[in-house]
Amino acid sequence: MKKAVVYKLDRWNPDEKIINLAARELGKGHLVAFPTETVYGLGANALDEEAVRRIFLAKGRPQDNPLIVHVAAIETAREIAYCDERALRLMDAFWPGPLTLVMRAKDVVPKVTRGGLDTVAVRMPSHPVALALIEASGVPIAAPSANTSGRPSPTDADTVYEDLGDRIEVILDCGPTDVGVESTVIDITEEKAVLLRPGGLPIEALTDFGETVLLPENLSREREINLKKRSPGTRYRHYAPRCKVLLWKAEEDWPKIRGERVGYMGIRRPPVDLGDDAIFFDSLENYARGLFMGLRYLEKRGVEAIIADYPEKRGVGLAIRDRLYRASLAEFDEKP
């Protein structure tokens, strides 16, 4: 089977010929993996139903799981979604950047792109290569993370190739991504915004801006389930390596595991020396940036279980908790 062609690009001065080549591939209904500031995305023309279906097939993704549509201009967002004054204020304040807005969809967006729903998730990435590709293609680009469904998301091109190299046409390689976890997703279809997925934009930035954002624990269980259908990464086990992931919470003692090789990642220092099977981060931001790569690294080292530091609920720590919770098989009474 033909392998994807990988093109290395300078993020600040991407080769126009390569960008145009990738845009032409999108125009043919092909798939192009590209960097955003959060993770690498697997892109197709969001308005081409057959091309979008190829995303689901390549990833092995459930078709009721909606895709985020990436745009390079607010005017494009207005062409595919009903954008009210609040939406435009949020776009003006936080775009380009890691904020996805769920709004009522216009009919131009195929149902397969929006998971069969009447809403569409839209964002404008800040990565120069992502913006150049969207502009050159002339269409909004539907793009989930460029990995096999359920696996840790890719933050570099090598990981994309590892998962999808024999299933897609082009990979644009710009080195590691900046944020490391996917975008924050909020639903703004009702009077009060609802956080559907914590991500690269801390919720504090939205509240400081004056936006009231309801957290999932503030909703009835039925309403939470219905709303979370509108966002990717909320209803299925995600971000998981092939080994177990155990969560080490601040109030708990170090987990006692017998007979298994254990790896560790986090900010706190564990009470045992795990040598090269331990990864330490000096901040929440760096923890987020290295989270998915760390999970894959420890998996490749052959550990049977990864103990992950479960951080506090502030800033990007909320997104780290969400990703770790979904990567684990544990069940908790509390929400992530």
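Structure: above.
Residues numbered from 1 in each chain as written. Predicted model: local features only at pLDDT ≥ 70, side-chain atom pairs only at ≥ 80, totals over all residues. Heavy atoms only, no water.

Engineer: Would you mind going over the overall build of the chain in detail, with residue names and values included?
Structural biologist: Helix and strand counts for the chain stand at 10 helices and 15 strands. Taking the principal axes of the C-alpha coordinates as reference, the chain spans close to 55 × 50 × 35 Å. Here the chain holds 336 residues, and the buried ones make up 57% of them. Taking all contacts inside the chain whose residues are at least 6 apart in sequence as the whole, residues at least 24 apart take part in 68%. Within the structure as shown, the chain displays about 14400 Å² of accessible surface, and the carbon and sulfur contribution to it stands at 48%. (Helix = DSSP H or I, 4+ residues; strand = E, 2+ residues; numbered from the N terminus. Buried < 20%, exposed > 50% of the residue type's maximum accessible area, 1.4 Å probe, protein only. Contact = heavy atoms within 4.5 Å. Areas by Shrake-Rupley, 256 points an atom, 1.4 Å probe, with all protein chains shown as cover.)

Engineer: Pulling in residues and values, what's your account of the packing of helix α6 (residues 157–164) against helix α9 (residues 284–300)?
Structural biologist: Packed helices, taken two at a time, are described by the angle between their axes plus the distance between the axes. Axis separation between α6 and α9 bottoms out at 12 Å; the angle between their running directions is 60°. Classified by the interaxial angle, the pair formed by α6 and α9 is oblique. The way α6 lies across α9 gives a crossing that is left-handed. Along the contact surface, α6 presents Thr-159, Glu-162 and Asp-163, while α9 presents Met-293, Arg-296 and Lys-300. (Axes fitted to C-alpha atoms, helices over the stretch in contact; angles between N-to-C directions. Parallel < 35°, antiparallel > 145°, perpendicular 65-115°, else oblique. Left-handed = near helix turned anticlockwise from the far one by under 90°.)

Engineer: So what's going on with the sheet that holds strand β14 (residues 278–280)? Which residues, and what values?
Structural biologist: As summarised here, the arrangement of the 4 strands in space is β12-β15-β13-β14, forming an open sheet in which the pairing is parallel. Across the chains shown, the open sheet's two edge strands, defined by having one partner strand only, are β12 (244–248) and β14. Each neighbouring strand pair of the sheet contributes to a mean axis angle of 20°, computed without reference to strand direction. Relative to strand β15 (residues 305–309), strand β13 (residues 262–266) runs parallel, the two being bridged by 4 bridges. (Pairing = 2+ DSSP bridges.)

Engineer: Describe helix α10 (residues 317–327), and please don't skip the residues or the numbers.
Structural biologist: Of all 11 residues making up α10, 11 are buried, and the element is well covered by its neighbours. Those residues of α10 that fall on the buried side of the exposure criterion are Gly-317, Leu-318, Ala-319, Ile-320, Arg-321, Asp-322, Arg-323, Leu-324, Tyr-325, Arg-326 and Ala-327.

Engineer: I'd love a proper account of the side chain of Thr-184, names of residues and values included.
Structural biologist: With respect to the helices and strands, the residue Thr-184 is situated in strand β9 (residues 184–187). Classification of Thr-184 as buried rests on a relative accessible area of 1%.

Engineer: Outline the nonpolar core, supporting the account with residue identities and numerical values.
Structural biologist: Within the largest apolar cluster, 67 residues are counted, with the highest numbers of intra-cluster contacts made by Ile-168, Leu-172 and Ile-186. Setting aside residues up to four positions removed in sequence, Ile-168 forms contacts with Lys-3, Ala-4, Leu-31, Ala-33, Leu-42, Ala-58 and Val-160. Cys-243, Leu-291, Val-303 and Tyr-310 belong to the second-largest nonpolar core, a separate cluster that totals 27 residues. (Core = buried A, V, L, I, M, F, W, Y, C linked by side-chain atoms within 4.5 Å.)

Engineer: Provide a residue-level description of the sheet that holds strand β8 (residues 170–173), including the pertinent values.
Structural biologist: Pairing is mixed across the open sheet formed by 11 strands, whose spatial order is β1-β8-β2-β3-β7-β4-β6-β5-β9-β10-β11. Each of the sheet's edge strands pairs with one partner strand only, and the pair in question is β1 (5–8) and β11 (213–214). Sheet analysis places strand β3 (residues 40–45) next to strand β7 (residues 141–142), joined by 2 bridges and oriented antiparallel. Paired with Ala-44 across the two strands is Ala-142, which belongs to β7. Those strands touched by helix α1 (residues 16–27) are β1, β2 (32–35), β3, β7 and β8, and its axis lies near 145° from that of β8. Together, β5 (99–104), β9 and β10 (193–197) form the strand contacts of helix α4 (residues 85–94), whose direction differs from that of β5 by roughly 165°.

Engineer: Just give me the short version of the side chain of Glu-182, but keep the residues and values in it.
Structural biologist: Among the structural elements, Glu-182 can be located in the loop between β8 and β9. The class for Glu-182 is buried, based on a relative accessible area of 7%. Engagement of the side chain of Glu-182 in a polar contact is seen with the side chain of Ser-153, the distance being 2.4 Å. Engagement of the side chain of Glu-182 in a polar contact is seen with the side chain of Arg-323, the distance being 2.9 Å. Once you skip the residues sitting within four places of it in the chain, Glu-182 turns out to touch Thr-38, Val-39, Ser-145, Ser-153, Arg-197, Gly-199, Gly-200, Tyr-239, Phe-292 and Arg-323. (Polar contact = N/O pair within 3.5 Å; in protein donor to acceptor, adjacent residues only side chain to side chain.)

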